Amino acid sequence: MSALSAVLSPLEGSGPKTEAVVQRLSAAISLGVMVDGQQLPSESDLANQLGVSTMTLREALAVLRQQGIVQTKRGRGGGSFICSSVEALEHTSLARLHQMSLPELRDLGDEQLAVVGAVARFAARRALPSDIARLRTLADRLKVSTEQTSARRADSRFHIEMAVCAQSTRLTRAEVALQAELSALLWLPRLELDPATEAAAHRDLVDAIEQEDDTRARELAESHTESRIHRLVALRLELSDR
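Looking up the protein chain in an unreviewed UniProt entry gives the name HTH gntR-type domain-containing protein, with the organism given as Nocardia donostiensis.

This is how it looks when you write it as structure tokens:
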């Protein structure tokens, strides 16, 4: 399963479908799985891929248009296209972090810790040479990133592709959902994550995966994730004091 197919896989659960579609497509855009200017599939095709009605999809697209994330053009050459604002994402993410309770944030971190550990372990057991090469390319892309958006997307794509390497559909979907919730928070400018440092951690992890050392791969993934979550919690506490 590719990162894009994971994002556009049928929705699960019995909750509100319109909101779920909005979250799923917002995640795809935020993570860079779908990029600015990219045209979305036709409404009927996209609705079928997500397992929702065309009416539900149209309602979700209307919400995304209001948020300035999607633009729809009519007539020949028309359709729905992705557009996003870096400033809007940063403002929304900071406000969301401020609204989150510490138990909610820690619970989200615990889930990420559990998933990333399992992903790293299975990737070390199942990754193919082509998977290893793809992970190294993404780590290198993160290293040379010169602004937050490209760094965030390369980092998130690395984690999603590592889940793809684990050859688990459920873990891939879980990682996509978690990256959708966490990536914009973790790469807030105030956290001052350094792309080169993060890339070095990714390369160490790829080395462990390539060596089929599932224990070390899991330890590295969990340690790196814990460090990030601690920094995010510290920022949340700082926001509370203001």
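Participant: I'd like a description of unusual backbone geometry, backed by residues and values.
Facilitator: Even without being a glycine, Gln-167 presents a positive backbone phi close to 60°. Relative to the assigned elements, Gln-167 resides in the loop between helix H8 (148-165) and helix H9 (169-186). Of note in this structure, Glu-192 is not a glycine but carries a positive phi near 55°. With respect to the secondary-structure elements, Glu-192 resides in the loop between H9 and helix H10 (195-210).

Participant: Go over the packing of helix H2 (residues 17-30) against helix H4 (residues 54-66), please, and point to the residues and values.
Facilitator: Close contact between H2 and H4 brings their axes to 8 Å; oriented N to C, the two are set at 55°. Judged on the interaxial angle alone, H4 and H2 are oblique. Crossing geometry of H2 relative to H4 is assigned as right-handed. Where H2 abuts H4, its residues Lys-17, Thr-18, Val-21, Val-22, Leu-25 and Ser-26 lie against Thr-56, Leu-57, Glu-59, Ala-60, Leu-61, Val-63 and Leu-64. Of the residues assigned to the contact of H2 with H4, the class counts are eight nonpolar, three polar and two charged.

Participant: Please give an account of the environment of Ala-120 that cites residues and values.
Facilitator: Tracing the sequence through the fold places Ala-120 in helix H6 (residues 102-126). With a relative accessible area of 0%, Ala-120 lands in the buried category. Spatially, the C-alpha atoms of Ala-120 and Ala-166 are 7.3 Å apart, while their sequence positions differ by 46 residues. Every residue in contact with Ala-120, bar those within four places of it in the chain, is listed here: Met-162, Leu-205, Ile-209, Ala-217, Arg-218 and Ala-221.

Participant: Could you give me a rundown of the environment of Leu-138, with the residues and numbers involved?
Facilitator: With respect to the secondary-structure elements, Leu-138 resides in helix H7 (residues 129-143). Apart from residues no more than four positions distant in its own chain, Leu-138 is found in contact with Ala-154, Arg-157, Phe-158 and Glu-161.

Participant: Give a description of the nonpolar core that names residues and reports values.
Facilitator: In terms of nonpolar packing, the biggest core is built from 42 residues, with Leu-97, Met-162, Leu-205, Ile-209 and Leu-232 touching the most fellow members. Counting 25 residues, the second-largest nonpolar core is a separate cluster that includes Val-22, Val-33, Met-34 and Leu-46.

Participant: Break down H6 for me, citing the residues and quoting the values.
Facilitator: Relative to the 36 Å expected for 25 residues at 1.5 Å per residue, H6 spans 36 Å between its end C-alpha atoms, a close match to the ideal helical length. Buried within H6 we find Leu-105, Leu-108, Gly-109, Gln-112, Val-115, Val-116, Gly-117, Ala-118, Val-119, Ala-120, Ala-123 and Ala-124.

Participant: Could you give an account of H8, naming the residues involved and the relevant values?
Facilitator: Taking 1.5 Å per residue, 18 residues should reach 26 Å; H8 reaches 26 Å between its end C-alpha atoms and fits that length. Burial analysis of H8 places 15 of its 18 residues in the buried class, which makes it a mostly covered element. Taking the backbone nitrogen of Thr-149 as reference, a side-chain oxygen 3.0 Å away marks Glu-147 as the first, capping residue of H8. Directly after H8, the chain includes Gln-167, whose backbone phi takes a positive value near 60°.

Participant: Go over the side chain of His-159 with me, naming the residues and quoting the values.
Facilitator: With respect to the helices and strands, the residue His-159 is situated in helix H8. A relative accessible area of 5% means that His-159 is categorised as buried.

Participant: Now, about the packing of H7 against H10: what can you tell me, with residues and values included?
Facilitator: Helix packing for two helices is described by the angle between their axes and how far apart those axes are. Running from N to C, H7 and H10 cross one another at 165°; their axes reach a closest spacing of 8 Å. By the angle between their directions, the pair H7 and H10 is classed as roughly antiparallel. For the crossing formed where H7 meets H10, the hand is left-handed. Here Ile-132, Leu-135, Arg-136, Ala-139, Asp-140, Leu-142 and Lys-143 of H7 lie close against H10, whose contacting residues are Pro-195, Ala-196, Glu-198, Ala-199, His-202, Arg-203, Val-206, Asp-207, Ile-209 and Glu-210. Classifying every residue of the contact of H7 with H10 by side-chain character gives nine nonpolar, one polar and seven charged.

Participant: Now, about the domain arrangement of the protein chain: what can you tell me, with residues and values included?
Facilitator: Split into domains, the protein chain comes out as domain 1 (3-84) and domain 2 (101-241). One C-alpha centre belongs to domain 1, the other to domain 2; they are set 25 Å apart. Each side of the interface is counted separately: domain 1 has 14 residues, and domain 2 has 14 residues. Interface area for domain 1 against domain 2, summed over the two sides, is near 1,100 Å², with a carbon-plus-sulfur share of 56%. Summed over the shared surface of domain 1 and domain 2, the result is zero salt bridges. For the pair domain 1 and domain 2, the number of links is zero residue pairs in polar contact (both at pLDDT 80 or more). The set of elements that each furnish at least two residues to the side of domain 1 that touches domain 2 consists of helix H1 (3-7) and H2. Of the residues that constitute the side of domain 1 that touches domain 2, the class distribution is eight nonpolar, four polar and two charged.

Rules behind the numbers
- Residues numbered from 1 in each chain as written.
- Predicted model: local features only at pLDDT ≥ 70, side-chain atom pairs only at ≥ 80, totals over all residues.
- Heavy atoms only, no water.
- Helix = DSSP H or I, 4+ residues; strand = E, 2+ residues; numbered from the N terminus.
- Axes fitted to C-alpha atoms, helices over the stretch in contact; angles between N-to-C directions.
- Parallel < 35°, antiparallel > 145°, perpendicular 65-115°, else oblique.
- Left-handed = near helix turned anticlockwise from the far one by under 90°.
- Contact = heavy atoms within 4.5 Å.
- Nonpolar A, V, L, I, M, F, W, Y, C, P; charged D, E, K, R; others polar.
- Buried < 20%, exposed > 50% of the residue type's maximum accessible area, 1.4 Å probe, protein only.
- Core = buried A, V, L, I, M, F, W, Y, C linked by side-chain atoms within 4.5 Å.
- Expected span 1.5 Å × (residues − 1).
- Polar contact = N/O pair within 3.5 Å; in protein donor to acceptor, adjacent residues only side chain to side chain.
- Domains from an automatic or database assignment.
- Buried area = accessible area lost by both parts, 1.4 Å probe.
- Salt bridge = Lys/Arg side-chain N within 4 Å of Asp/Glu carboxyl O.

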